[in-house]
Amino acid sequence: DLIGQSAVFTRVRNAARMVAPTDATILLTGETGAGKATLAREIHACSTRRLRPFLGLSCSALAPDLFDLAPLTESGATLRAAAGGTLFLDEVADLEPGAQAARLRYLETGAVGPMGREPLSLRVVAATATDLAERVREGAFRRDLFHRLNVVPLEVPPLRERVEDLPLLLRHYARAFARDHGRPAF
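Residues numbered from 1 in each chain as written. Predicted model: local features only at pLDDT ≥ 70, side-chain atom pairs only at ≥ 80, totals over all residues. Heavy atoms only, no water.

*Asks:* Could you clarify how one ought to interpret the pattern of salt bridges in this entry?
*Replies:* When the charged atoms of two side chains with opposite charge come close together, those side chains can pair. Tallied over the entire structure, the rule returns 7 salt bridges. With its nearest N and O atoms 2.8 Å apart, the salt bridge here joins Asp165 to Arg162. Across the pair, exposure class does not vary: Asp165 and Arg162 are buried alike. (Salt bridge = Lys/Arg side-chain N within 4 Å of Asp/Glu carboxyl O. Buried < 20%, exposed > 50% of the residue type's maximum accessible area, 1.4 Å probe, protein only.)

This is the structure we're talking about:
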């Protein structure tokens, strides 16, 4: 689903595919709508975890204790159900301070549950449209969590920096729209 042939996009896609087979934590940055979630799914699809679940969570909607008790998420899935797969934390900058501590604890120990005693294998890919380094300087985001998330930083370029990809994207979405609405494609 990664559509683009521009040099800037190809560099990011190739870097993502190169790191995908590892278990390194990845931080995707870029403007809203740049395609961070799509790139996260591509990383999962190219990883050794591709046969396990991909669980995407919006950090602005998460409870601070999610990593402690692994309750149902807003999608109805649990973290345990995603074991062995990829956990995508979207808009990680929106995490409340208590939630930041819980995510840090998981990244440090690889365990969940009361007192962090239950090992849980998840590959973490996080994304944000916010400058996390600036949030750290402001005291709004934990420095230690930032460093745990920023192991492999990848910046997804905005569309205005890859205008040569516009015809490919327009053709793709026009065909998808036609297919979804029973219309002939042009």
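And the narrative resumes.
*Asks:* Help me out: how do you make sense of a nonpolar patch on the surface in this one?
*Replies:* Taken together, the side chains of Leu159, Val163, Leu166 and Leu170 present a nonpolar region at the surface, about 330 Å² in accessible area. Here Leu166 lies in helix H7 (residues 166–180). (Patch = residues over 30% accessible without salt bridge, like charges linked within 9 Å, V, L, I, M, F, W, Y side chains within 5 Å. Areas by Shrake-Rupley, 256 points an atom, 1.4 Å probe, with all protein chains shown as cover. Helix = DSSP H or I, 4+ residues; strand = E, 2+ residues; numbered from the N terminus.)

*Asks:* Sorry if this is basic, but what is going on with the layout of surface pockets here?
*Replies:* Over the atoms, a rolled probe matching the size of one water molecule traces out where space is still vacant. Each pocket or cavity is described by its volume, and for the largest pocket that value is around 330 Å³. In terms of lining, the largest pocket is formed by 21 residues, of which the most central are Ala34, Gly35, Arg162, Leu169 and Tyr173. Broken down by secondary-structure element, the contributors of at least two residues to the lining of the largest pocket are helix H2 (36–45) and H7. Here the element with the most residues in the lining of the largest pocket is H7; it accounts for 5 residues. Among the residues forming the lining of the largest pocket, the class breakdown is 13 nonpolar, 5 polar and 3 charged. (1 Å grid on protein atoms, 1.4 Å probe; cavity = no way out; pocket = protein on both sides within 12 Å on 5 of 7 lines; lining within 4 Å. Points joined across faces, edges and corners; volume = space filled by probe spheres on them. Nonpolar A, V, L, I, M, F, W, Y, C, P; charged D, E, K, R; others polar.)

*Asks:* Before we go on, may I ask you to explain the packing of aromatic side chains in this structure?
*Replies:* Between two aromatic rings, the relevant description is the distance of the centres plus the angle of the planes. Scanning the entire structure with this criterion turns up 1 aromatic pair. Sitting over the face of the ring of Phe9, Arg162 holds its NZ or CZ atom 4.0 Å from the ring centroid. (Phe/Tyr/Trp six-rings, centres within 6.5 Å; stacked < 30°, edge-to-face > 60°. Lys NZ or Arg CZ within 6 Å of the ring centre and 35° of its normal.)

*Asks:* How should I be thinking about the nonpolar core in this particular structure?
*Replies:* Nonpolar side chains in soluble globular proteins tend to be buried together. Residues Val92, Phe141 and Leu149 are the most contacted members of the largest nonpolar core, which totals 26 residues. Counting residues per element, the ones that place at least two in this core are strand E2 (54–58), strand E3 (86–90), helix H4 (97–109), strand E6 (123–128), helix H5 (132–138) and helix H6 (143–149). The biggest single contributor to this core is H4, with 4 residues. Discounting chain neighbours no more than four positions away, the residues touching Leu149 are Thr25, Ile26, Leu27, Val92, Leu107, Val124, Ala126 and Phe141. Among the nonpolar cores identified, the runner-up in size contains 20 residues, and Ala16, Leu39, Phe88 and Leu154 belong to it. (Core = buried A, V, L, I, M, F, W, Y, C linked by side-chain atoms within 4.5 Å. Contact = heavy atoms within 4.5 Å.)

*Asks:* Would you take a moment to explain the side chain of Arg123 for this structure?
*Replies:* For Arg123, the location among the structural elements is in strand E6. Despite its burial, Arg123 remains without a salt bridge, the nearest opposite charge being carried by Asp23 at 5.3 Å. In terms of polar contacts, Arg123 uses its side chain to reach the backbone carbonyl oxygen of Ala20, at 3.1 Å. From its side chain, Arg123 meets the backbone oxygen of Ala24 in a polar contact 2.7 Å long. Every residue in contact with Arg123, bar those within four places of it in the chain, is listed here: Val19, Ala20, Thr22, Asp23, Ala24, Ile26, Ile43, Ser47, Arg49, Gly85, Thr86 and Leu87. (Lys, Arg positive; Asp, Glu negative; His and termini not counted. Polar contact = N/O pair within 3.5 Å; in protein donor to acceptor, adjacent residues only side chain to side chain.)

*Asks:* Help me understand H2, please; the structure alone is not making it clear to me.
*Replies:* One full turn of an α-helix is made of 3.6 residues, so residues set three or four places apart face in the same direction. When H2 is considered as a whole, its buried residues turn out to be Lys36, Leu39, Ala40, Glu42, Ile43 and His44. Buried residues belonging to H2 abut helix H1 (7–19), strand E1 (26–29), E2, E3 and E6.

*Asks:* What exactly am I supposed to notice about the sheet that holds E1 here?
*Replies:* Paired through their backbone hydrogen bonds, the strands of a sheet run either parallel or antiparallel. Strands sit in the order E2-E3-E6-E1-E7 across an open sheet of 5 strands; the sheet is parallel. Strands at the two margins of the open sheet, each flanked by one partner only, are E2 and strand E7 (152–155). Direction aside, the axes of adjacent strands within the sheet are offset by 20 degrees on average. By the bridge criterion, 4 bridges tie E1 to E7 in an arrangement that is parallel. From the neighbouring strand, Ile26 faces E7, where its bridge partner is Val152. Against the sheet, H1 makes contact with E1, E6 and E7, and its axis sits at roughly 155 degrees relative to E7, the strand it touches most. (Pairing = 2+ DSSP bridges. Axes fitted to C-alpha atoms, helices over the stretch in contact; angles between N-to-C directions.)

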